[in-house]
Structures are given as C-alpha cells and as structure tokens.
Amino acid sequence: MDWLEYLLTAVRLALAVTAFFGKRWAYAAFIVLGLSYFPISVGFQFDPKPCEWTFGLGLAVWSLTNVAHIVMFGLFFLMTLAQFRYDLNRRSFLWSLFAVVAMGLAVEFGEGLTGQHNCRMRDLIPNIAGGLIAASLVYAAAQLPRKDQVAG
C-alpha cells in the first residue's frame, strides 16, 4: 500500500465511525469514497471484465468462508441502521438489508469495471449473510429485557 491508500483507509475508517453515530453526511461520504477505491486503485485506467453469474450449492458454501465480507457487510448493515436512528422496525431492517445488497452489487461491478479483481455475483452470498447475521443479532438484543423492565 502506498501513502494514498493508507490515507484513504484512515479517512474511510473515520467516516465509518462517524456514520455509526447517525451522521448521514459521513454515511454518504463513506459510500462514495469506498466505491471510488476501485477507479483510484487503477489510476482510472479501466479494463472491464465480464461478471461471473455462476451459482451452485458448492460455490455458495465456499463463498460463506469469506469471513472478511461477512464481517464488513454486517458492519455496513449496522452503519445503515444507524441512519434510521436505530429505530428497530421492519422498514429500517428491510432498507438496511437492501443497502447491503446494493452496496455488494456496486462493489462487484466496481471490481469488474477495473479488471483488478474478479466480479463474481456469488460474492453477494457472504455479503447478504453478514447483513442477515447483524440483523439477527440486533433483533435478538432488542428482545432482551432492559434494566428498567426487570423486576427487582
């Protein structure tokens, strides 16, 4: 990594942390900067490659070993949910899951456009899994009794 990549990584991290506090400008900037990584990383020298649309049970299971994407997109789900002020209703959960899928598609198309990485639609599987795991954890945590609800 050169100094520019370190700088962009530090800025994206700062934006992500700020977005967790519900700052929409930071959330939008995080997305724009995150997606701009692909053209910046190749010096805007595009080399489009076709996307792989191959799915299958074996590939789906193999895709679930991509723990980094599961974690990153789980965090992206939480960051998106923060934009709804952590209002835990069906609408905010569905919009947050939709954002996970949309961001996953944008990442894959960015990889295909630059030719630097493989554009594989099966990579959406760990992304969606990360969003669903995060949604499940938030839902489960919301079901726990709060301190003021516990008799004592």
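Residues numbered from 1 in each chain as written. Predicted model: local features only at pLDDT ≥ 70, side-chain atom pairs only at ≥ 80, totals over all residues. Heavy atoms only, no water.

Per the stated rule, a full pass over the model turns up 3 salt bridges. Between R122 and E52 there is a salt bridge, with the nearest N and O atoms lying 3.2 Å from each other. With R122 in the loop between α5 (90-114) and α6 (124-143) and E52 in the loop between α2 (24-41) and α3 (57-63), the pair connects residues that are 70 residues apart, well separated along the chain. Taking the relative accessible area as the measure of exposure, R122 reaches 13% and is therefore buried. The partly exposed category is assigned to E52, whose relative accessible area is 33%. A salt bridge links D123 to R120, with the shortest nitrogen-to-oxygen separation between them at 3.4 Å. On the accessibility criterion, D123 (8% relative accessible area) is buried. Residue class for R120 comes out partly exposed when judged on its relative accessible area of 23%. (Salt bridge = Lys/Arg side-chain N within 4 Å of Asp/Glu carboxyl O. Helix = DSSP H or I, 4+ residues; strand = E, 2+ residues; numbered from the N terminus. Buried < 20%, exposed > 50% of the residue type's maximum accessible area, 1.4 Å probe, protein only.)

What we call a disulfide is simply a covalent bond connecting the sulfur atoms of a pair of cysteines. Summed over all chains, the structure comprises 1 disulfide. Each sulfur in the disulfide pair C51 and C119 lies 1.9 Å from the other. With the S-S bond torsion at 85°, the cross-link from C51 to C119 turns out right-handed. On the criterion of sequence distance, the pair formed by C51 in the loop between α2 and α3 and C119 in the loop between α5 and α6 is long-range, its members being 68 residues apart. C119 gets classed as buried once you look at its relative accessible area, which sits at 3%. (Disulfide = S-S within 2.5 Å.)

The next subject is α5. Taking 1.5 Å per residue as the helical rise, α5 with its 25 residues ought to reach 36 Å, and the 36 Å between its terminal C-alpha atoms agrees with that figure. Two or three places before R91, at the start of α5, stands the capping residue N89, its side-chain oxygen 3.0 Å from that residue's backbone nitrogen. (Expected span 1.5 Å × (residues − 1). Polar contact = N/O pair within 3.5 Å; in protein donor to acceptor, adjacent residues only side chain to side chain.)

Checked against the element boundaries, L64 lands in the loop between α3 and α4 (67-82). Given the relative accessible area of 41%, L64 is considered partly exposed. For the pair formed by L64 and P126, sequence separation is 62 residues and the distance between their alpha carbons is 5.2 Å. Dropping the residues within four chain positions of it, L64 is found in contact with I70, I125, P126 and A129. (Contact = heavy atoms within 4.5 Å.)

Here the phi dihedral of F44 falls at roughly 60°; this positive angle occurs in a residue that is not glycine. Residue position: F44 is located in the loop between α2 and α3.

What follows is about the packing of aromatic side chains. One pass over the full model with this rule turns up 5 aromatic pairs. Each ring, one from F73 and one from F76, has its centre 6.5 Å from the other, and the planes form 70°; the classification is edge-to-face. Of this pair, F73 and F76 both sit in helix α4, 3 residues apart, roughly one helical turn. When the centroid spacing of 5.9 Å and the interplanar angle of 55° are considered together, the rings of F77 and F93 count as tilted. Placement of F77 in helix α4 and of F93 in helix α5 is noted, with a sequence separation of 16 residues between them. (Phe/Tyr/Trp six-rings, centres within 6.5 Å; stacked < 30°, edge-to-face > 60°.)

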